[in-house]
Amino acid sequence: MRVSKWVALITVILFSMSIIAGCGGGSGGTTPAGGEEIRIGLIAPLTGDVKTFGESVKNAFEMAMEEVDYKVGDFTIKVFIEDDRNMATEAVNVADKLITQNKVSAIVGSVTSSSTIPISEVAQANSVVLITPTATNPKVTVDAARKDFVFRACFIDPFQGTVAARFALTELNAKTAAVLYDQGNDYTIGLKDFFKESFVAGGGQMLAEEAYTKNDTDFSAVLTRIAQQKPDVLFLPDYYQKASLIGKQARDKGITATFVGGDGWDSPELDFVAMDGGYHTNHYSADDPRPEVQEWVAKYTAKHGQTPDALGTLAYDATKLLLKAIEDAGSTDPAAIRDAMKALNGFGVVSGSITFDENGNPIKSAAILQIKDGTQKFITIVNP
Amino acid sequence: MDYFMEQVINGLQLGLVYALIALGYTMVYGIVKLINFAHGDVFMVGAFIGYFGFSSWGLPWPLAILVSALCCACLGMLIERIAYRPLRYATRIVALISAIGVSFFLEYFCSLKFMFGPNYRVVQRPFDEVYWSIGGVTISNIQVLIFCTAVCMLVGLQYLVMRTKMGAAMRTVSFDHDTARLMGVNVDRTISFTFGIGAALAAVGGVLYAIAYPQIWTFMGIMPGLKAFTAAVLGGIGLIPGAMLGALIMGQAEVMTAAFISSQLRDAIAFSILILVLLVRPCGILGKTQPEKV
């Protein structure tokens, strides 16, 4: 009786020890002998309303990692990928998890401004480097004060909105415009404000500024009103799902205005029929003849069977930038990586050569694409 | 004036869509005094089944609506059997929490990869839109379809509840379960039937909604569900004509606010109307204050 009790106790102890050991091994077990490890997280919306963004970003992130064989300098890279579903709360949860549980030194992500603004606060507070491929709202890197651990690989909305407005005024000869925007989304609000500012400054007239919320599906009332006002341009600065839904209903209501949008339209799931003839600003065009771009397009197409969108391209660039900074820093210390990132000067990536300004934003040009016959047609490049 | 009429039609369309959902809410409440929060999610399941019906399975769309209604009727009865029947004699708050649980379960379970998946889907309408211009006002065939369906459902339900044997059983059960049982009414079967009908109505509403606003996802039922519930309360919950009236008011309030005041205030004003009406008539517009049964 006594013996069997002891046996049981020892079994339990051994068992629980093996579980603890197993846990330890699970998170750090792949470290090869002799090499130190650096942990990098990726946060992207892999499911939900903008899932094609997340898929591209994940593909490109993994391609960048595979190219260096998960090694940078003397370090082996360990990657943690999390899904934020394009929800701010979920993004904060996974950022907390990456930082406290997986102990990452740097995070690539997230994709949309509304998810990235909250996690930029988390990264800054925990002194972890964050580089977002495509969150364009200014508040990502500067909000009250500069968040010095946060960088991005894309241009920002004041520039994007200005480019769209100028294009509408000069190329489309628009005199009047209307805009529909999501009043709970920093990205669409920012674009709307900057578009309006430049459009009015350039002599255009804003006929309507209508708000909706993320869950709205019925836009008939405001679209009927806009149909009466007959604007030359209807600016739809939302992501592809919502822009498609509004675009379709606008055509149903007999609105003939040219649709104009931002980089949120860049998805194979955009409604190419309803949005036909519309223009949007973007970070790059796959038709750009520069050799870096063509090489990247060929590489991505060979692996994934479709041309990379801007989100994938910028995720690749962001990952490359981060890897370069880690290599320069030669350290897993986020502060050292941050300083190396700041010191980057004219580092060449697919979408251009990157030097960060004092707010962690690169200075870059924008492309304008047209939705035509089921594809995106390259129209022009606009420099800052 | 044409502009005003056009907005009235927009409001009518939105209101009738709410009415399709509100009818199910109000019927279930009328019989079992339970606010079935899962109703909005049954609406979502209905939209998905209808969408699969006419896009993937190649059914003609009226048949797809029927299949969706049948599947959701079964789902409604299943939900009642599993989540509500065991709690029939528990306090009301327990059943309410169970309903919220079912709602979350449906939303997140349907978001799983092997179910409908968490992504938005664009619905290709199963028929072409046709527009008629009547005296400067444009009406689409979708609006006509929604209007006819809602009216048929309203009349059908009134008939079912007021004129048939099952309807008599439903009304009896709504007064008192035990007495109804003594009178020879099969209470369980009647309640189960009520849930089935309510869910089938939600499914029809869901498919029409997916056709009218062609984008669906697994959380699409929350907002329309909430608004339809508000509409049912506004009109007097438990009353079938009340649900219809409330939904029409909600639809017009939202559209008129967006059209003539400000699109930012549309929900704020719609819900303010609810509060104001309830302050004046706590039982809703058509509701009658009943003396407390002791």
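Residues numbered from 1 in each chain as written. Chains lettered and ligands numbered in written order. Predicted model: local features only at pLDDT ≥ 70, side-chain atom pairs only at ≥ 80, totals over all residues.

1. A short note on the overall build of chain B
Then step 1. Looking only at helices and strands, chain B features eleven helices and four strands.
Then step 2. Over its C-alpha trace chain B gives a radius of gyration of 19 Å, about what one expects of a compact globule, namely 19 Å for 294 residues.
Then step 3. Principal-axis analysis of the C-alpha atoms places the extent of chain B at approximately 60 × 50 × 35 Å.
Then step 4. Here chain B holds 294 residues, and 49% of them are scored as buried.
Then step 5. Nonlocal contacts in chain B, meaning residues at least 24 apart in sequence, comprise 74% of its contacts between residues at least 6 apart. (Helix = DSSP H or I, 4+ residues; strand = E, 2+ residues; numbered from the N terminus. Rg over C-alpha atoms; globule rule 2.2 N^0.38 Å. Buried ≥ 20, exposed ≤ 12 C-beta atoms within 10 Å, placed from the backbone. Contact = placed C-beta atoms within 7 Å.)

2. Topic: the overall build of chain A
Then step 1. Looking only at helices and strands, chain A has eleven helices and 17 strands in total.
Then step 2. Compactness check: chain A gives a C-alpha radius of gyration of 23 Å against a globular reference of 21 Å for 384 residues, within 12% of the reference.
Then step 3. With respect to the principal axes defined by its C-alpha atoms, chain A has extents near 90 × 50 × 45 Å.
Then step 4. Buried residues in chain A amount to 53% of all 384 residues.
Then step 5. Sequence-distant contacts, at least 24 apart, represent 68% of the contacts inside chain A between residues at least 6 apart.

3. Observations regarding the domain arrangement of chain A
All names here are of chain A.
Then step 1. Considered domain by domain, chain A is made up of domain 1 (36–155 + 289–365) and domain 2 (158–282).
Then step 2. Here the C-alpha centre of domain 2 lies 28 Å away from the C-alpha centre of domain 1.
Then step 3. If you look at the interface, domain 1 gives 18 residues, while domain 2 gives 15 residues.
Then step 4. It is helix 4 (residues 113–125) that contributes the most residues to the side of domain 1 that touches domain 2, three residues altogether.
Then step 5. Of the residues in the side of domain 1 that touches domain 2, the class split is seven nonpolar, eight polar and three charged. (Domains from an automatic or database assignment. Nonpolar A, V, L, I, M, F, W, Y, C, P; charged D, E, K, R; others polar.)

4. Structural notes on the sheet that holds strand 10 (residues 205–212) of chain A
Two pairing modes exist for strands in a sheet, parallel and antiparallel, and in both the strands are linked by backbone hydrogen bonds.
All names here are of chain A.
Then step 1. One open sheet holds the seven strands; their spatial order is 10-9-11-12-13-16-17, and the pairing between them is mixed. Single-partner strands in this sheet number two, and they are strand 10 and strand 17 (375–382). Between one strand axis and the next, the sheet turns by 25 degrees as a mean value, whatever way the strands run.
Then step 2. Pairing of strand 13 (residues 279–282) with strand 16 (residues 366–372), which is carried by four bridges, proceeds in the antiparallel orientation. Across the sheet, the residue bridging to H280 is L369, located in strand 16. (Pairing = 2+ DSSP bridges. Axes fitted to C-alpha atoms, helices over the stretch in contact; angles between N-to-C directions.)

5. Some thoughts on the interface of chain B and chain A
Then step 1. Counting residues at the interface gives 20 residues for chain B and 23 residues for chain A.
Then step 2. At the level of secondary structure, the elements contributing two or more residues to the side of chain B that touches chain A comprise helix 1 (2–32) and helix 10 (240–261) of chain B.
Then step 3. If one sorts the elements of the side of chain B that touches chain A by residue count, helix 1 of chain B sits on top with six residues.
Then step 4. Its residues placed into classes, the side of chain B that touches chain A shows eleven nonpolar, seven polar and two charged.

6. Considerations on unusual backbone geometry
Then step 1. Of the consecutive residues G109(A) and S110(A), the connecting peptide bond is found in the cis state with omega at -15 degrees.
Then step 2. The backbone of D373(A) shows a phi angle near 50 degrees, a positive value even though the residue is not glycine.
Then step 3. Examined against the element boundaries, D373(A) turns out to sit in the loop between strand 16 and strand 17.
Then step 4. Among the residues examined, D373(A) registers 10 C-beta atoms within 10 Å and is labelled exposed.
Then step 5. Its identity is not glycine, yet K33(B) carries a phi of approximately 55 degrees, on the positive side.
Then step 6. The class of K33(B) is exposed, set by 12 C-beta atoms lying within 10 Å.

7. Digging into the confidence of the model for chain A
Then step 1. For chain A, the average pLDDT comes to 87, and 91% of its residues sit at 70 or higher.
Then step 2. Here residues 21–34 of chain A is modelled with pLDDT under 50, and outside its nearest four sequence neighbours on either side it reaches five contacts, counting other chains as well. (pLDDT = per-residue confidence, 0-100.)

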